[in-house]
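The lines below spell out each chain.
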Amino acid sequence: MRLVIDFESYYDTEYSLGKMPTHQYIRDPRWKCLGCGLKIDDEPPFYLAGVGELEYFFGTLNWSLVTAVAHNAQFDGSVLWEHFGKRAPRTWIDTMLLARWAISQGHLSPDMTTSLWALAPLVGMQKGDTAAAVAAGGQQLADYGVDDVIIEDKLLRMLMGFKPPRDELMYMDQHVRMATEPVLDIDVPMLEEAAKSDPREEAFKKILRKDANFKVLLEKNGIVPEYKTTPTGRTKMALAKTDVFMQSLTKHPNIKVRRLAEMRLGSASNLVRTRAQRFLNVGAPLPVPLLYYAAGPGRSGGQDSSNMQNLPRKGPLRHAVKAPEGHKLIVGDSRQVEARTVGWRAGDKKLLTAFGTTDPYRTFAGHFMYGKAPEDVTADERFMGKAGMLGLGFAQSAYGFQEGIRAKDDKHVPIETCKLGHKAYREGFDQVPKWWKAVFQNAIRDGELTLPSGRKLIYPDLTSEVKPFTFMDAETDTWVTKDMRQYEYTRPKIFSGRGSQRKTVNFWKGLATENDTQATARDIVFWQLRHCADEGRSTGKWKMVWMTHDEGVFVAKEGEDTTLCAERLAYWLTQNPSWAHGLPLEGEVKIGQAYGDCK
DNA sequence: CGGTGTTGCGCC
DNA sequence: AAAGGGCGCAACACCG
């Protein structure tokens, strides 16, 4: 049975979904369900205004047979769960997520956005005025609600006409569940401690964050500030964590300067404090609101004011999110899945073989870079092997490689060593550079890439132009400018960030192969985690609650269920989809009470 | 003052 | 021969 469902709720200027996360809104004392538009299969739509009526109606349904349809099911699903007895359908279909998929696959225009208002004209409808309907209430609100349901029903038919694969529909469903059926507990005292703010300290940080103020402090200590040119051509003091100048300040002989730099860096991010407060505001159980297909290559992203995919690896936050009483978290990650995928996509046997050894990075450093047995490789050499295997798969230059290590690890590696690694990768894994070229040629020929799974990556409005290009010449170590054919494309609006404009970006083989690899790894990990989640659902023994790109988080009762879940997760992380034969995959599974324990 | 754009920083 | 990529949020800068 198909049920289209669209809740209407009270809101005002202070209290609205725009001002707070979904669950904070729904759990607020001001919450009021004004009614719900509904439609069953091909029957006429209707609107129920009373909560009692709704409870009665929902009670008559066999939810294990319901396919529920909503636009932004994160909202309607959360209302159903929080306010109508933890009800959930057998399957969720979210027309907003379907539209994201349709745009990503080129079925809908890259200019399209996914609001109901923007999509309604595609099915010959016009969305009503929400504010007016809510203000009027009564029959007018009912008519509005019914209209929305009609739009959603028509959208569903149109979008399903594009034949979304079953796997993608399951991934959408899983994303809705992680957001609407919250499970995770939070450590309130720990979060309260992390959310504490001292007004004097905050005021001081605010001062430090302003470049002009920090400049004065530097000059007082006899430091001449250094500047950089930003990507948009502005001049700015080089005070970011990864800037050479800032890195020199953190290593400055004068302790006062080092202190100053540390304080500035410490003032730059309030993530821990603000996120801790968010978690407290939302409360337990904590939902995991991830957006399906947030990124061009298909990865998910955070939404709803707190990105659950960027919690700091150090600090209290990961320790403050935990399994509920009597349960455990089971966390599994797919080891080096992207670097492995490069080897498989390129058909490079040597790269894949290296990943089959006990320490792939040591193997690369020993056999490919330094010409020695892996067991004789030093710590520094292994570091280079690791950086190379993870960083050189996408056509990066030796200089880019060097710069990446400097920015990320604050480490200076001589350019000769970087050139050695660069050469070792390209000559040792000689199928990889060929693959870069082939992928790029396909992309510029077709304006799209087809992945092994059958999913596509599209490059709309691809153009090229011959113009000067400046790069470091590896022979002479000098900047050289040459006329070259350069490509660019304009990303679909939904993958262009917060701005209203579609974003035009340079397109070259490094980007094409990085996209291809990230997307393929996404298809693999989504597939693995979905299978594990399905087993949990069908046995009732565990539940998938969270994911971070190459990692899935599950919750099970302590004891047998936890052990079994960990076993099955470990199993699935070694399994290949039918289209990925020959790619060696490895997983690592950890069990803990809090997320922070699972490392 | 609110909206938009830019930068920095957290993650993979 | 060649430029890391992908996100979201907070804070600041700038504009009308």
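Relevant structure appears above.
For the structure given in this document, a descriptive report is provided here. Keep in mind that this is a model prediction, so the values were computed, not measured.

Here's the deal with the protein's contact with DNA strand B
- Near DNA strand B you find 23 residues, and of these Thr230, Lys241, Arg299, Arg313 and Asp550 are the closest.
- Sugar plus phosphate, as a fraction of atoms of DNA strand B within 4 Å of the protein: 89%.
- Arginine 299 is positioned such that a nitrogen or oxygen atom in its side chain is 2.8 Å from a base oxygen of DNA strand B.
- Contacts to DNA strand B include aspartate 550, whose side-chain N or O atom sits 2.6 Å from a sugar or linking oxygen.

Quick notes on the pairing of strand E4 (residues 67-70)
- Where strand E1 (residues 2-9) lies against E4, 3 bridges are found, and the strand directions are parallel. Directly across from leucine 3, in E4, lies its bridge partner alanine 68.
- In this structure, E4 lies alongside strand E5 (residues 91-94), joined through 4 bridges in parallel fashion. Residue pairing across strands places valine 69 opposite isoleucine 93, the latter belonging to E5.
- Crossover handedness for the path E4 to helix H3 (residues 73-83) to E5: right-handed.

Some points on the sheet that holds strand E19 (residues 551-557)
- The 4 strands are arranged E18-E19-E12-E20 in an open sheet whose pairing can be described as antiparallel. Both outer strands of the open sheet, strand E18 (542-547) and strand E20 (587-592), are each paired with one neighbouring strand and no more. Adjacent strand axes in the sheet meet at a mean angle of 25° when their direction is disregarded.
- Here E18 pairs with E19 via 5 bridges, running antiparallel. Within E19, the residue paired with methionine 544 across the bridge is phenylalanine 554.

Topic: the nonpolar core
- Judged by nonpolar contacts, the single largest core of 109 residues is most densely connected at Ile5, Phe7, Phe58, Trp546 and Phe554.
- Residues contacting phenylalanine 7, with those up to four places away along its chain left out, are Cys33, Gly35, Cys36, Leu54, Phe58, Phe75, Asp76, Val79, Leu80 and Phe84.
- Ranked by size, the runner-up nonpolar core spans 42 residues in total, among them Tyr361, Met389, Tyr425 and Trp435.

Considering H3
- Counting buried positions over the 11 residues of H3 gives 9, a clear majority of the element.
- Listed as buried for H3 are Ala73, Gln74, Phe75, Asp76, Gly77, Ser78, Val79, Leu80 and Trp81.
- Looking one or two residues past H3, glycine 85 carries a phi angle of roughly 75°, positive in sign.

As for the protein's contact with DNA strand C
- Lining the immediate surroundings of DNA strand C are 33 residues, of which Ser305, Ser397, Arg491, Leu511 and Glu514 lie closest.
- Here, DNA strand C places atoms within 4 Å of the protein, and 66% of those atoms are sugar or phosphate.
- Elements with a contribution of two residues or more to the surface near DNA strand C: helix H10 (199-209), strand E15 (463-473) and helix H23 (509-539).
- Its residues placed into classes, the surface near DNA strand C shows 9 nonpolar, 14 polar and 10 charged.

Cut-offs applied
- Residues numbered from 1 in each chain as written.
- Chains lettered and ligands numbered in written order.
- Predicted model: local features only at pLDDT ≥ 70, side-chain atom pairs only at ≥ 80, totals over all residues.
- Heavy atoms only, no water.
- Near = heavy atom within 4 Å.
- Polar contact = N/O pair within 3.5 Å; in protein donor to acceptor, adjacent residues only side chain to side chain.
- Pairing = 2+ DSSP bridges.
- Helix = DSSP H or I, 4+ residues; strand = E, 2+ residues; numbered from the N terminus.
- Right-handed = clockwise from strand over helix to strand, strands pointing away.
- Axes fitted to C-alpha atoms, helices over the stretch in contact; angles between N-to-C directions.
- Core = buried A, V, L, I, M, F, W, Y, C linked by side-chain atoms within 4.5 Å.
- Buried < 20%, exposed > 50% of the residue type's maximum accessible area, 1.4 Å probe, protein only.
- Contact = heavy atoms within 4.5 Å.
- Nonpolar A, V, L, I, M, F, W, Y, C, P; charged D, E, K, R; others polar.

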